[in-house]
Amino acid sequence: MRVASVSGLGQVWSTYPPNVLDHPTKTVGGGEAALLQTACGLAKRGHDVTVYAPLDLGGAAVATHKDVHFRPLRHAHADVACGCYDAVIGWSDHEVLRMAPDGTRRVYSQQLNTMPDDRRFWRTVDAVVCPSATHARVMAEQQPIDMPPVAWIVMPSGVDTSRYSSAPPWASRSKRVGYWSSPDRGLHHLLRVWPQVIERVRDAELHIYYGVDKLLQYADADDIGSMVGEVQWIARVLRDQLRDAGKSVHVHGALSRPQLAQEQLQPRVMAYPCDP
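Residues numbered from 1 in each chain as written. Predicted model: local features only at pLDDT ≥ 70, side-chain atom pairs only at ≥ 80, totals over all residues. Heavy atoms only, no water.

(A) Main features of the side chain of T124. Tracing the sequence through the fold places T124 in the loop between β6 (105-109) and β7 (127-130). Here the side chain of T124 touches R120 through a polar contact of 3.3 Å, landing on its backbone oxygen. (Helix = DSSP H or I, 4+ residues; strand = E, 2+ residues; numbered from the N terminus. Polar contact = N/O pair within 3.5 Å; in protein donor to acceptor, adjacent residues only side chain to side chain.)

(B) Looking closely at unusual backbone geometry. In this structure, D67 is a non-glycine residue whose phi angle is positive, near 65°. The topology assignment puts D67 in the loop between β3 (63-65) and β4 (68-72).

(C) Focus on the pairing of strand β10 (residues 205-208). When strand β9 (residues 176-179) meets β10, the two strands line up parallel, connected through 4 bridges. Each bridged residue has a counterpart across the sheet, and for G178 the counterpart in β10 is H207. Each parallel crossover has a hand, and for β9 linked through helix α5 (residues 187-200) to β10 it is right-handed. (Pairing = 2+ DSSP bridges. Right-handed = clockwise from strand over helix to strand, strands pointing away.)

(D) Molecular detail of the pattern of salt bridges. Under the defined criterion, the tally for this structure stands at 14 salt bridges. A salt bridge links R2 to D86; its shortest N-O distance comes to 3.1 Å. With R2 in strand β1 (residues 2-7) and D86 in the loop between α2 (76-81) and β5 (87-91), the pair connects residues that are 84 residues apart, well separated along the chain. Classification of R2 as partly exposed rests on a relative accessible area of 36%. (Salt bridge = Lys/Arg side-chain N within 4 Å of Asp/Glu carboxyl O. Buried < 20%, exposed > 50% of the residue type's maximum accessible area, 1.4 Å probe, protein only.)

(E) Structural view of the nonpolar core. Ranked by size, the top nonpolar core spans 22 residues in total, and within it L36, V51, V68 and F70 carry the most contacts. Listed by contribution, the elements that provide at least two residues to this core are α1 (30-44), β2 (48-53), β4 and β5. Here the element with the most residues in this core is α1; it accounts for 7 residues. In contact with V68, other than residues within four places in its own chain, are A39, C40, A43, V49, V51 and A63. One finds Y85, Y108, F121 and V150 within the second-largest nonpolar core, a separate group that totals 21 residues. (Core = buried A, V, L, I, M, F, W, Y, C linked by side-chain atoms within 4.5 Å. Contact = heavy atoms within 4.5 Å.)

(F) A look at α5. Its 14 residues give α5 an end-to-end C-alpha distance of 20 Å, which sits within 8% of 20 Å, the value for a rise of 1.5 Å per residue. At W194, α5 is bent by approximately 40°, the largest bend along its length, and proline P195 sits one to four residues beyond. Buried within α5 we find L187, H188, L190, L191, W194 and I198. (Expected span 1.5 Å × (residues − 1). Bend = angle between axes of the 7 residues up to and from the residue.)

(G) Structural detail: the state of the cysteines. For the structure on display, the rule yields 1 disulfide. Each sulfur in the disulfide pair C82 and C84 lies 2.3 Å from the other. Its torsion about the S-S bond being -100°, the disulfide of C82 and C84 is classed as left-handed. The partly exposed category is assigned to C84, whose relative accessible area is 32%. The closest cysteine sulfur to the non-disulfide-bonded C130 is located on C274, 15 Å from its own sulfur. When its relative accessible area of 1% is taken as the criterion, C130 is described as buried. (Disulfide = S-S within 2.5 Å.)

In structure tokens:
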């Protein structure tokens, strides 16, 4: 089967090479990582897979890595519209599904928390893939009752456990807390309660691994495009919190996947407070 896998997160990360998951310095977020891992898995099963993403191909129009083809994101809509594919997967990109001709299998991989606010979406999707059963249930509740039924599929995110085989014993680690998810997923809650943590554990440290600066740039932006007002509010809160944070809070920025795996061996606690 000919499959197009299209990234809808192109505005978040700068360009990256096809081998970004193993690259020593470049990185991407969890949604992009899932896209790349899924593409490799489909290729291993014999499918002809092309990934469209904000790629650095050195000026080339196409590249191949691990039997997966890679094309710059700007070509996605035109290539899909020409009927080149049997199936199209939009990773948080619902507009590309409308480009696919009739008869194309249309799959929407939902990595975020809000379904598209567009009734046309429900007429151009055959299946929605979610990372958990709870997430799928909440997303399904957003479907209008008068729209055609779609298939809801749960596909949990994978973990390469070999990267953590040398983890030191828990008791031998420093009193470090690690946060490595998108900063709009509850980092402001964690920073709000952090002074209380320090009151009880004086030598605790909070280490933040993510491109926080990519979110903070929206704090005072006049035109935030698809960014919703709530995310801009979180950016402003985080800006003030990080400015006033004490020496126990360390912001490392975005690390490559191999670098992050090594850092993840150090904390006693992984913090994922979420933002309900």
